[in-house]
Amino acid sequence: IGSTTSFLLIRYVLSNMIRGKYAAKLERFNEKIVAHGPASYLLTLQLMGLIPYFVINSLAALTNVSLFTFVW
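Keep in mind that what you see is a predicted model, and the values were worked out from it rather than measured.

About the cut-offs
Residues numbered from 1 in each chain as written. Predicted model: local features only at pLDDT ≥ 70, side-chain atom pairs only at ≥ 80, totals over all residues. Heavy atoms only, no water. Core = buried A, V, L, I, M, F, W, Y, C linked by side-chain atoms within 4.5 Å. Buried < 20%, exposed > 50% of the residue type's maximum accessible area, 1.4 Å probe, protein only. Helix = DSSP H or I, 4+ residues; strand = E, 2+ residues; numbered from the N terminus. Contact = heavy atoms within 4.5 Å. Arc of directions from axis to C-beta. Patch = residues over 30% accessible without salt bridge, like charges linked within 9 Å, V, L, I, M, F, W, Y side chains within 5 Å. Areas by Shrake-Rupley, 256 points an atom, 1.4 Å probe, with all protein chains shown as cover. Salt bridge = Lys/Arg side-chain N within 4 Å of Asp/Glu carboxyl O. Axes fitted to C-alpha atoms, helices over the stretch in contact; angles between N-to-C directions. Left-handed = near helix turned anticlockwise from the far one by under 90°. Nonpolar A, V, L, I, M, F, W, Y, C, P; charged D, E, K, R; others polar.

**What to know about the nonpolar core**
Counting 15 residues, the largest nonpolar core has F29 and L42 as the members making the most contacts within it. Among the elements of the structure, α1 (2-21), α2 (23-36), α3 (38-48) and α4 (53-62) are those that each provide at least two residues to this core. Considering each element in turn, this core owes the most residues, four residues, to α4. Residues contacting F29, with those up to four places away along its chain left out, are Y41, L42, L45, L59, A60 and T63.

**Here we look at the environment of S66**
If you trace the backbone, S66 turns up in the loop between α4 and α5 (67-71). We classify S66 as partly exposed; its relative accessible area is 34%. Remark: the alpha-carbon pair of S66 and P38, spanning 28 residues in sequence, is separated by 8.8 Å. Among residues more than four places away in sequence, those in contact with S66 are F7 and R11.

**Some thoughts on α3**
Listing the buried residues of α3 in full gives Y41, L42 and L45. Projected down its long axis, α3 shows its buried positions confined to an angular sector of 95 degrees, all on one face. For α3, the secondary structure elements touched by its buried residues are α2 and α4. Looking one or two places after α3, you find G49, whose phi comes out positive at around 80 degrees.

**Considering a nonpolar patch on the surface**
Together, L8, L9, Y12, V13, L67 and V71 line one region of the surface with nonpolar side chains, adding up to about 570 Å² of accessible area. Those elements that place two or more of their residues in the nonpolar patch are α1 and α5. When residues in the nonpolar patch are grouped by element, the largest group, four residues, is from α1. With respect to the helices, strands and loops of the structure, Y12 is situated in helix α1.

**Concerning the packing of α1 against α4**
Two elements in contact, α1 and α4, have axes separated by 8 Å at closest approach and are oriented at 65 degrees. The interaxial crossing formed by α1 with α4 has right-handed handedness. Contacts between α1 and α4 involve S3, S6, F7, I10, R11, S15, I18 and R19 from the first element and N57, S58, A60, A61 and L62 from the second. Residues belonging to the contact of α1 with α4 are distributed by class as follows: six nonpolar, five polar and two charged.

This is the structure we're talking about:
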């Protein structure tokens, strides 16, 4: 529930502020999601444990990942 809430908060409230600062990094992340598929790429990142969860959740909220895919 907490991850879904932060996903929605970032997507609809904070997206303009964050996108302005990190446009280049978001572009690379978006390319990786398109290349590998959103569900498998996010799951791989979560299971690796190298990147903190809130960073992965924030990046997913700023790309075109659907809420259903994120929750799954």
